[in-house]
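Examining the three-dimensional arrangement
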Amino acid sequence: VQLQASGGGLVQAGGSLSLSCTASGYTFSQYSMGWFRQPPGKEREFVAQVSWTGNFKQYTDSVKGRFTISRDNAKNSVYLQMSNLKPEDTAVYYCARAVNPYVYGGDSAGGYDAWGQGTLVTVSS
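All of the points below concern the structure found in this document. (Residues numbered from 1 in each chain as written. Predicted model: local features only at pLDDT ≥ 70, side-chain atom pairs only at ≥ 80, totals over all residues. Heavy atoms only, no water.)

Considering the arrangement of structural elements, one finds Arg66 in the loop between β6 (57-59) and β7 (67-72). Look at Arg66 and you get buried, because its relative accessible area is 9%. Of note is the side chain of Arg66, whose polar atom sits 2.9 Å from the backbone oxygen of Ser62. Residues within four places of Arg66 in sequence aside, it is in contact with Gln81, Met82, Ser83, Asn84, Leu85, Lys86 and Asp89. (Helix = DSSP H or I, 4+ residues; strand = E, 2+ residues; numbered from the N terminus. Buried < 20%, exposed > 50% of the residue type's maximum accessible area, 1.4 Å probe, protein only. Polar contact = N/O pair within 3.5 Å; in protein donor to acceptor, adjacent residues only side chain to side chain. Contact = heavy atoms within 4.5 Å.)

Attention now moves to the pattern of salt bridges. Overall, the coordinates contain five salt bridges when judged by the stated rule. Note that Arg37 and Glu45 form a salt bridge whose closest N and O atoms lie 2.6 Å from each other. Classification of Arg37 as buried rests on a relative accessible area of 4%. Given a relative accessible area of 31%, Glu45 falls into the partly exposed group. (Salt bridge = Lys/Arg side-chain N within 4 Å of Asp/Glu carboxyl O.)

This is the structure:
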């Protein structure tokens, strides 16, 4: 199982950024996917998850209305579109695969067993 995240960078507050994560080594369409982030000096935290079909999506409160998670099963990819970015969104962002097929990963890191390498998002004020 491999997850490759990309798309991070430096953006000004109020700007937008789109992250991508491409998966390989398993049947992507069977697993829900999540995005987590780890701000500097803090614990890793849940950002969003999407079900294996893409029909169910969940967000942490702080990103609701600003971030959108989506997936394209034909491209084995999951995305995180981020808009109206704030300095507190600065973090390393990780994509992750749920532990079991056809089960939501949830909002805890324990619900995921494969992680991308992380991509840094820096939001300047």
